[in-house]
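# Report on the structure
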There are 2 protein chains.
Amino acid sequence: MSVDLMPNRFRPGEAELPQREAHLISRRDAVLGASYRLQYRKPVHFVRGEGMWLFDPDDRPYLDFYNNVPSLGHCHPEVNAAMAEQAARISANTRYLEPQLVDYAEKLIATFPAELDRVVFTCTGSESNDLALRIARLASGNEGVIVTSYAYHGTSAAVAAVSPNLGAAVNLSPNVRIVELPGPAGIPHDQAADFFEAQVRLAIIDLQRRGIGIAALLFDSIFSSDGVWIDPPGFIAGAVDAVREAGGLIISDEVQPGFGRTGDHMWGFARHGIVPDLATLGKPMGNGFPIGAVVGRSQPMEHFGQTARYSNTFAGNTVGIATADAVLTILQRDRILDSVVSVGQYLRHGIEAIAAELPGIRGMRNAGLFFGVDIGFEDSLPAQRRAMALDLVNAMRDDGVLISTTSANEDALKIRPPLICQHEHVDKFLEVFHNSLGRITS
Amino acid sequence: MSVDLMPNRFRPGEAELPQREAHLISRRDAVLGASYRLQYRKPVHFVRGEGMWLFDPDDRPYLDFYNNVPSLGHCHPEVNAAMAEQAARISANTRYLEPQLVDYAEKLIATFPAELDRVVFTCTGSESNDLALRIARLASGNEGVIVTSYAYHGTSAAVAAVSPNLGAAVNLSPNVRIVELPGPAGIPHDQAADFFEAQVRLAIIDLQRRGIGIAALLFDSIFSSDGVWIDPPGFIAGAVDAVREAGGLIISDEVQPGFGRTGDHMWGFARHGIVPDLATLGKPMGNGFPIGAVVGRSQPMEHFGQTARYSNTFAGNTVGIATADAVLTILQRDRILDSVVSVGQYLRHGIEAIAAELPGIRGMRNAGLFFGVDIGFEDSLPAQRRAMALDLVNAMRDDGVLISTTSANEDALKIRPPLICQHEHVDKFLEVFHNSLGRITS
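Residues numbered from 1 in each chain as written. Chains lettered and ligands numbered in written order. Predicted model: local features only at pLDDT ≥ 70, side-chain atom pairs only at ≥ 80, totals over all residues. Heavy atoms only, no water.

## Comments concerning the packing of helix α1 (residues 19–31) of chain A against helix α3 (residues 99–109) of chain B
Where α1 of chain A meets α3 of chain B, the axes come as close as 9 Å, and the angle between the chain directions of the two elements is 35 degrees. You can see that α1 of chain A and α3 of chain B cross each other, and the crossing is left-handed. For the pair α1 of chain A and α3 of chain B, contact is made by Leu24, Arg27, Arg28 and Val31 of chain A and by Pro99, Leu101, Val102, Asp103, Ala105, Glu106 and Ile109 of chain B, respectively. Its residues assigned to classes, the contact of α1 of chain A with α3 of chain B shows seven nonpolar, no polar and four charged. (Axes fitted to C-alpha atoms, helices over the stretch in contact; angles between N-to-C directions. Helix = DSSP H or I, 4+ residues; strand = E, 2+ residues; numbered from the N terminus. Left-handed = near helix turned anticlockwise from the far one by under 90°. Contact = heavy atoms within 4.5 Å. Nonpolar A, V, L, I, M, F, W, Y, C, P; charged D, E, K, R; others polar.)

This is the structure in structure tokens:
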């Protein structure tokens, strides 16, 4: 049985739509490529954003518990002012000297362990992962890449080819090997590290025997598209050693966990007690402005930079830099990570209380403000669990709360509010979650 | 003898620098990856931009005859206002309905021939070319790509592998075939089309005999990194037919020629009287805001969209869309293309007059406001010509005018002012060009 790779989407005819939205969708279909998918059975239509809230054309508010790009909240005035002021002054490129580029690079590097002391800017997380693979392949002299079962690392040809989450229609590279996470395989925590390392060692041997060799272990430490199977912390450490012994590099895809999403740390790899060779940044870096980066150890970064020409027209332009600088300044100044920890715990306790009262929640995992909540009854079939998760997401959308689904079976809720989320927003979320789950499971 | 792939760059110790810039460069080197290159023997340092001008920290103005990203001029107030206003309202993604995305998509599509009626947005020209290759390979079922000798199509792994301009350190794909342009090969105009088509037909046969097949002919119709060898118009038409007969697609890389750079047309392919299957957009689309697109025929676009999942987090966000919409509106409302034609002719006549008076100009080609001017004496060696072009670029920089070099031998000036360039700017450029060339050749 094949799983719909994006179950939470609009399908024409499934739900009755208001005339205004139906008309906009038909215009949209006539000009946009078929790649575009709308979320929810009844697509949402927003005209205004503010902090944790999005507003439809009738000014109805929706509580955003899904968008991890505007991690400081929608339309942050201070971030927007930094962008607008810089755009009015100059939008310089990196072939000209501009102090603000250096200032921000220094600030960003300072948030990493001392070993990671070089940065190259990009425009998107996909470009970051694509560049990191190029650096790792050149530095290692190898081509092989190891990723997790449902990993997603981006849209370029090279990263799509190491993203099994894209499904059968996107061919995987012959040089990629896939390893299972211990969590969804039901491995106990005390065996998780050995389970993971053993697979990575086998993959390395296989890559070596085919003359491909290992270039990189590439992972998103929050394992977001695998279903947020993040525990136990540190379970990847043995695999990291195995890859290094074989001459490969460690790439930590920080597009999802980075910039404080996990609360305890600015960067996701820290939760596992490891230091990667390269870290790839994206999504929340500019609170919506297209900017990403590869931060790495000098050796592979210098080897690549001295050997290959790489220039990226828009990347590192001062408008993006000023915007990202404002984001990092606010994250640090307002101690957002502390709030992520405490609000994350508050949300966790709230979901646990609902799980104790109502049926339909089979499990839950979180790091800071990234949650995976497994939906379905214990005795239900995978398709039933998936359908229940989808019903729940759409019921909550109808009640004004935005979330979506994840995991191999797409039966886990993916909950990831902007990091400025406060107790009052959690209360509202829990109220709608409780009501929707109660309706669906009764 | 190998040619320096980026001759116009800063090399430590080559020129004496002011303390302020020397200090900034040493800080820069300590945090930025070695990929970063500064232009000019004495790097430029700008803190303010306005229209055709960039200003250094001492408020000294530099006339910009090089930057093709801010094609409406630096810090365009109307474009910046559109960006800031949209950022204050909402920065929605494409999985939610937002009328402005559809409005702009319709407007953009309307500037193309009727056959090209679908658009997918990206963040950079590299992402556009990477996606176009994925679409062409899926639609054709083939892998082979044909490009010109010194083509550059971007930074992602897949497009770098079809960019011979990056030099020996970046491996080309085994699936790429390279064809020579008629201009630099010295082929007369009346034989140019046959010369080009014959090579493309041989490349197709070779790709087919190896079981690779032809996915796409990928070209920048202004052939900017090949040295602006653009003539005669239409010389690629026979090659286009040959590729289509063999089941391949035509990808017009509009990152350089698009959005009116050539003056006569909004899109570069029109100069050659052909209609491609896919056109890739980037650089000037948002006057500096990171936005690009693939515009294409429905059939390959729908085939890709229905088969493969493709989503791009930042691409199509309403802030980028509002910015690009302002750019397109101004291009059309202010009849910028007409001005490109007339100012381009004025600049051409000015350079011709200097070439008649002074030695050192061996040839010149232009389409609108994109010029390639071959530097060197008729009897000088390639290295001497290259050195002279480099001296000239640096002399003009010292006199406050920004240009750079291109072509296989890097002995052609690359002149590409913002499209708002007026006669007064051309006069200033010609004055500095005349003086610098006179000094260097005397």
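## Regarding helix α12 (residues 423–441) of chain B
Across its 19 residues, α12 of chain B extends 26 Å between first and last C-alpha, which sits within 8% of the 27 Å expected from 1.5 Å per residue. Within α12 of chain B the residues assigned to the buried category are His425, Val426, Phe429, Leu430, Val432, Phe433, Ser436, Leu437, Gly438 and Thr441 of chain B. (Expected span 1.5 Å × (residues − 1). Buried < 20%, exposed > 50% of the residue type's maximum accessible area, 1.4 Å probe, protein only.)

## A few points about the side chain of Thr280 of chain A
Residue and element names in this part refer to chain A. Along the chain, the position of Thr280 falls in strand β9 (residues 278–281). Overall, Thr280 belongs to the buried group, its relative accessible area being 0%. Of note is the side chain of Thr280, whose polar atom sits 2.8 Å from the side chain of Asn129. (Polar contact = N/O pair within 3.5 Å; in protein donor to acceptor, adjacent residues only side chain to side chain.)

## Describing the relation of the copies chain B and chain A
For these two chains of identical sequence, chain B goes onto chain A by a turn of 180 degrees and a shift of 0.0 Å along the axis, with RMSD 0.0 Å. The symmetry that links the two subunits is that of a two-fold axis. A shared interface surface links the copies, since 100% of the contact residues of chain B are contact residues in chain A too. (Least-squares fit on C-alpha atoms with pLDDT ≥ 70 in both.)

## Brief notes about the nonpolar core
Leu108, Phe121, Ile351 and Phe429 of chain B are the most contacted members of the largest nonpolar core, which has 134 residues in total. Not counting the four nearest positions on each side in its chain, Phe429 of chain B is found in contact with Leu63, Phe65, Leu347, Ile351, Met396, Val401, Ile403 and Ile415 of chain B. Among the nonpolar cores identified, the runner-up in size contains 132 residues, and Val145, Val176 and Met285 of chain A together with Leu32 of chain B belong to it. (Core = buried A, V, L, I, M, F, W, Y, C linked by side-chain atoms within 4.5 Å.)

## Some words on the state of the cysteines
Residue and element names in this part refer to chain A. Under the counting rule described, the total for this entry stands at zero disulfides over all chains. Just so you know, Cys421 is unpaired, no disulfide at all, and the nearest cysteine sulfur is the one on Cys75, 17 Å from it. Classification of Cys421 by relative accessible area gives buried; the value is 0%. (Disulfide = S-S within 2.5 Å.)

## Observations regarding the pattern of salt bridges
Close approach of charged atoms allows side chains of opposite charge to pair. Here the structure, examined in full by the defined rule, presents 58 salt bridges over all chains. Taking the shortest distance from any N to any O, the salt bridge between Asp103 of chain B and Arg27 of chain A comes out at 2.6 Å. A residue pair is termed interchain when its members come from two chains, as with Asp103 of chain B in helix α3 and Arg27 of chain A in helix α1. Arg201 of chain A is the partner of Glu245 of chain A in a salt bridge, and the nearest nitrogen-oxygen pair spans 3.2 Å. You can see Glu245 of chain A sitting in helix α7 (residues 237–245) and its partner Arg201 of chain A sitting in helix α6 (residues 189–209), a full 44 residues away along the chain. Among the residues examined, Glu245 of chain A registers a relative accessible area of 59% and is labelled exposed. On the accessibility criterion, Arg201 of chain A (31% relative accessible area) is partly exposed. (Salt bridge = Lys/Arg side-chain N within 4 Å of Asp/Glu carboxyl O.)

## Comments concerning the interface of chain B and chain A
Across the contact, 94 residues belong to chain B and 94 residues belong to chain A. In total, about 8,200 Å² of surface goes out of reach between chain B and chain A, with carbon and sulfur atoms giving 59% of it. Summed over the three residues of chain B that lose the most area to chain A, namely Tyr96, Leu97 and Arg309 of chain B, the buried surface amounts to 12% of that side. The tally of links from chain B across to chain A stands at four salt bridges. In this assembly, chain B and chain A are joined by 42 residue pairs in polar contact (both at pLDDT 80 or more). Contributions of two or more residues to the side of chain B that touches chain A are made by α1 (19–31), β1 (48–50), α2 (77–89), α3, β4 (116–122), α4 (125–140), α5 (157–160) and α8 (298–307) of chain B. Element by element, the count of residues in the side of chain B that touches chain A is highest for α1 of chain B, at eight residues. (Buried area = accessible area lost by both parts, 1.4 Å probe.)

## Some remarks on unusual backbone geometry
Between Asp231 of chain A and Pro232 of chain A the backbone carries a cis peptide bond, its omega angle lying at -5 degrees. Examined against the element boundaries, Pro232 of chain A turns out to sit in the loop between β7 (214–219) and α7. One non-glycine residue with positive phi stands out, namely Tyr40 of chain B, at about 75 degrees. Of note, Tyr40 of chain B is situated in the loop between α1 and β1.

## Side note on the sheet that holds strand β11 (residues 361–367) of chain B
All names here are of chain B. The antiparallel open sheet is built from four strands, whose spatial order is β11-β12-β15-β14. Strand pairing shows two members of the sheet lacking a second neighbour, β11 and β14 (404–406), which therefore form its edges. Here the average twist between neighbouring strands, direction ignored, is 30 degrees. By the bridge criterion, six bridges tie β11 to strand β12 (residues 370–375) in an arrangement that is antiparallel. Counterpart to Ala367 in the pairing with β12 is Phe370. Contacting β11, β12 and β15 (412–415), helix α10 (residues 336–357) crosses the sheet at an angle of about 175 degrees to β11. Together, β11, β12, β14 and β15 form the strand contacts of helix α11 (residues 382–398), whose direction differs from that of β12 by roughly 125 degrees. (Pairing = 2+ DSSP bridges.)

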